[in-house]
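Letter by letter, the chains look like this.
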Amino acid sequence: MKLLVTGGSGFIGSNFIRHVLATHSDDRVVNLDKLTYAGNPANLADLEHDPRYAFVQGDICDATLVRDVIRGVDAAVNFAAESHVDRSLMEPDAFLKTDVFGVFTLLEAVKELKIPRFVHISTDEVYGSVERGSSRESDAVRPSNPYSASKAGGDLLVLAHWHTHRVPVLITRSSNNFGPYQYPEKVIPLFVTNALDDQSLPLYGDGKNVRDWLYVLDNCAGIDLVLRKGGEGEVYNIGGGHEVENIVLTRQILQLTGKPETLIQPVKDRPGHDRRYSVDSKKVRQLGWTPRHRFGDALAATVAWYRAHEAWWRPLKSGEFRAYYEKQYGHR
Ligand code: NAD
Ligand code: TYD
């Protein structure tokens, strides 16, 4: 397959490109990425000289460029997004541009150039907070913050292109990912790197919000399966099946880093903080997917990765990040 991957220089996209080239030796990948603060060429430095991999810097909202790079591919997989809820509360504009208009731009190119397959990467957050039970793919979307609302907008456009034009689309909605190369604004890499530096861990509210954690390599295997075996027009949830309260996760991180619980600093809650996400993954399991990594082992491997890759994350926590951190946490 010749693939276009958009947003491939971010966390999940870079893991996905590495997964594809490792498991399908004849595949080729073009990565179109704008290199926002979250896009990092270092995430794929090991593929720089691989003749099967090519990088193009650019924006998925740029219709001319998108048509140029998508022409002739067998499939496109869209990871490009503004992805952090807290940033969407402060500066939502970029979320609407990339997560809605960017998706629309890709869909129009897929339609016009008759690209055989388009996989759109979405999130369990589009279902909104789920107090009981687990969200099914057929459930209505009820997003509750600017990030999830813009992702839901993207999803609805994808499905609209299927219903009206039979554009060959598929959507995955995964739960919270963790693993190597995750930008240290998200809770696991933030707390791991803060703990390694003996800095406090800002835990929102009562610490009892629940997320369902999925190791990034399990998600990549699920997305790859959906890409090759999924049904057109279908949505697939991909959940880790490991739901845990933030306070429990925080204590595990402190245990793995060998740091004291006195580092936990309860701070003012995130406005509109969704209490719990939970997805039913029966449909993707029926395709043949199952998570291969046990949560405890994967979290330990992740902590070990951040411990061993200080040269990767330390530059990311300086410069722009300091200003972001002050704005985000300073007043709490
Ligand atoms: P990320 O923020 O680490 O990476 C996003 C990438 O997209 C970056 O490389 C960035 O430069 C690129 N990008 C942003 N705007 C762009 C634009 N306009 N044009 C081209 N490239 C652009 O995000 P991630 O955590 O890897 O998430 C990838 C996808 O998975 C997103 O769509 C996100 O909504 C979804 N998702 C993430 C999680 C999670 O836990 N991280 C869970 C479920 C779904
Ligand atoms: P996050 O990694 O931002 O993912 P999402 O909000 O998309 O689920 O946050 C995961 C959980 O951790 C969420 O309930 C918010 C909480 N959290 C904190 O308690 N402190 C923090 O500093 C951050 C970033 C998140």
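This text gives an overview of the structure that appears in the document. (Residues numbered from 1 in each chain as written. Chains lettered and ligands numbered in written order. Predicted model: local features only at pLDDT ≥ 70, side-chain atom pairs only at ≥ 80, totals over all residues. Heavy atoms only, no water.)

For P266, the location among the structural elements is in strand β13 (residues 264-267). As a C-alpha pair, P266 and I247 span 19 residues in sequence and 9.8 Å in three-dimensional space. (Helix = DSSP H or I, 4+ residues; strand = E, 2+ residues; numbered from the N terminus.)

A few words now on the site of ligand 1. In the vicinity of ligand 1, 28 residues are found, and the nearest of them are I12, D33, S83, Y147 and K151. I12 places a main-chain nitrogen or oxygen 2.8 Å from an oxygen atom of ligand 1. K151 places a side-chain nitrogen or oxygen 2.7 Å from an oxygen atom of ligand 1. Within the complex, the protein chains bury 97% of what would otherwise be the 840 Å² of accessible surface of ligand 1. Looking at the shell around ligand 1, the elements with two or more residues in it are α1 (11-23), β5 (118-123) and α5 (146-165). For the shell around ligand 1, the element with the highest residue contribution is β5, accounting for 3 residues. Here the residues of the shell around ligand 1 sort into 10 nonpolar, 14 polar and 4 charged. (Near = heavy atom within 4 Å. Polar contact = N/O pair within 3.5 Å; in protein donor to acceptor, adjacent residues only side chain to side chain. Areas by Shrake-Rupley, 256 points an atom, 1.4 Å probe, with all protein chains shown as cover. Nonpolar A, V, L, I, M, F, W, Y, C, P; charged D, E, K, R; others polar.)

Let's shift gears to the pairing of strand β2 (residues 28-33). The buried fraction of β2 amounts to 5 of the 6 residues, a majority that puts the element mostly inside the structure. In this sheet, β2 lies alongside strand β1 (residues 2-6) in parallel orientation, the contact comprising 5 bridges. Counted as the bridge partner of K2 is R28 from β2. As for the winding sense of the linkage, the β-α-β connection from β1 through α1 to β2 is right-handed. Pairing geometry for β2 and strand β3 (residues 53-57), over 5 bridges, is parallel. Paired with V30 across the bridge in β3 is A54. (Buried < 20%, exposed > 50% of the residue type's maximum accessible area, 1.4 Å probe, protein only. Pairing = 2+ DSSP bridges. Right-handed = clockwise from strand over helix to strand, strands pointing away.)

With 35 residues, the main nonpolar core has F178, I188, V192, W213, L249 and W312 as its most contacted residues. Listing elements by their share of this core, those giving two or more residues are α6 (187-196), β8 (201-204), α8 (246-257), β13, α10 (295-308), α11 (310-313) and α12 (320-329). Excluding residues within four positions of it along the chain, W213 makes contact with N176, N177, F178, V187, I188, G240, H242, V244, L249 and F295. (Core = buried A, V, L, I, M, F, W, Y, C linked by side-chain atoms within 4.5 Å. Contact = heavy atoms within 4.5 Å.)

Here we take up the site of ligand 2. In the vicinity of ligand 2 there are 19 residues, among which E125, R211, R270, H273 and Y329 approach most closely. Within the side chain of N246, a nitrogen or oxygen atom sits 2.9 Å from an oxygen atom of ligand 2. Counting only elements with at least two residues in the shell around ligand 2, the list comes to α3 (85-90), α6 and β8. Here the residues of the shell around ligand 2 sort into 8 nonpolar, 5 polar and 6 charged.

Looking now at helix α4 (residues 93-112). Along its 20 residues, α4 runs 27 Å from first to last C-alpha, staying within 8% of the 28 Å computed at 1.5 Å per residue. When the local axis directions of α4 are compared, the greatest deviation, roughly 30 degrees, occurs at F101. Of all the positions in α4, only F95, T98, D99, G102, V103, T105, L106, L107, E108, A109 and V110 are classed as buried. At the exit of α4 stands K114, carrying a positive phi of roughly 55 degrees. (Expected span 1.5 Å × (residues − 1). Bend = angle between axes of the 7 residues up to and from the residue.)

Scanning the model with the defined rule gives 22 salt bridges in all. Linking D59 and K34 is a salt bridge whose minimum nitrogen-to-oxygen distance equals 3.4 Å. Here D59, found in the loop between β3 and α2 (63-70), pairs with K34, found in the loop between β2 and β3; they are 25 residues apart in sequence, far enough to count as distant. One network of salt bridges, in which partners are shared, links R87, E185, K186 and E320. (Salt bridge = Lys/Arg side-chain N within 4 Å of Asp/Glu carboxyl O.)

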